[in-house]
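Each chain, letter by letter, is given below.
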Amino acid sequence: MKPGIHPVLRHVVFRDTAARTAFLTRSTLDSDKTIEWEDGETYPVIDVETSSASHPFYTGTARVLDTAGRVERFERRYRRHGTQGDDDRS
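Keep in mind it's a predicted model, so treat the numbers as computed, not measured.

Analysis parameters
Residues numbered from 1 in each chain as written. Predicted model: local features only at pLDDT ≥ 70, side-chain atom pairs only at ≥ 80, totals over all residues. Heavy atoms only, no water. Helix = DSSP H or I, 4+ residues; strand = E, 2+ residues; numbered from the N terminus. Polar contact = N/O pair within 3.5 Å; in protein donor to acceptor, adjacent residues only side chain to side chain. Contact = heavy atoms within 4.5 Å. Pairing = 2+ DSSP bridges. Phe/Tyr/Trp six-rings, centres within 6.5 Å; stacked < 30°, edge-to-face > 60°. Buried < 20%, exposed > 50% of the residue type's maximum accessible area, 1.4 Å probe, protein only. Patch = residues over 30% accessible without salt bridge, like charges linked within 9 Å, V, L, I, M, F, W, Y side chains within 5 Å. Areas by Shrake-Rupley, 256 points an atom, 1.4 Å probe, with all protein chains shown as cover. Salt bridge = Lys/Arg side-chain N within 4 Å of Asp/Glu carboxyl O. Lys, Arg positive; Asp, Glu negative; His and termini not counted. Charge placed at Lys NZ, Arg CZ, Asp CG, Glu CD. Axes fitted to C-alpha atoms, helices over the stretch in contact; angles between N-to-C directions.

(A) Broad picture of the side chain of Ser31. Tracing the backbone through its elements, the reader meets Ser31 in the loop between strand E2 (21-27) and strand E3 (34-36). Here Lys33 takes part through its backbone nitrogen, which lies 3.1 Å from a polar atom of the side chain of Ser31. In terms of polar contacts, Ser31 uses its side chain to reach the backbone carbonyl oxygen of Val45, at 2.9 Å. Once residues within four sequence positions are removed from consideration, Ser31 is found in contact with Pro44, Val45 and Ile46.

(B) Summary view of the pairing of strand E4 (residues 42-48). Alignment of strand E1 (residues 10-16) against E4, held across four bridges, turns out to be parallel. Looking across to E4, one finds that Arg15 is bridged to Asp47. Inspection of the sheet shows E3 paired to E4 by three bridges, in the antiparallel sense. The residue bridging Thr34 from the neighbouring strand is Pro44, located in E4. As consecutive antiparallel partners, E3 and E4 are separated by five residues, and within that stretch Gly40 has a phi angle of approximately 90 degrees, a positive value.

(C) How the structure looks around the packing of aromatic side chains. Enumeration over the complete set of coordinates arrives at one aromatic pair. Where Phe14 meets Phe23, the ring centres are 5.9 Å apart and the plane angle is 25 degrees; that geometry is what we call stacked. You can call Phe14 buried: its relative accessible area is 14%. Take Phe23: its relative accessible area is 37%, and that puts it in the partly exposed class.

(D) Geometry of the pairing of E2. In this structure, E1 lies alongside E2, joined through seven bridges in antiparallel fashion. Each residue of the ladder has a partner; that of Val12, found in E2, is Thr25. In this antiparallel pair of consecutive strands, E1 and E2, the connection spans four residues, and Arg20 shows a positive phi of 55 degrees.

(E) A look at a positive patch on the surface. A cluster of like positive charges, contributed by Arg70, Arg73, Arg76, Arg77 and Arg79, occupies part of the molecular surface. Topologically, Arg70 is positioned in helix H2 (residues 67-78). Residue class for Arg70 comes out partly exposed when judged on its relative accessible area of 47%.

(F) Region of the structure containing the sheet that holds E4. Pairing in this open sheet of four strands is mixed, and the strands run E2-E1-E4-E3 from one edge to the other. What marks the edges here is a single partner per strand, and that holds for E2 and E3. Averaged over all neighbouring strand pairs, the angle between strand axes comes to 45 degrees, with direction disregarded.

Here you go:
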């Protein structure tokens, strides 16, 4: 690797404000705010609104959209009535 061009990889705490959870990981992000972690060390903390602890996909609360119903409504609304306007190109 070329020296001096890569960001510094450090331990950072990400705190999910919606789920009120935090996790320690490594990241190139940095913050002025710090937090004392469970191991007694002080790490930069980054507040996020959504993480795997609060995202509907990961928590199992995701809603499934009725795409089939939407397609059927579209076809009903915009289908042709009869064969008027169709040309016989063969």
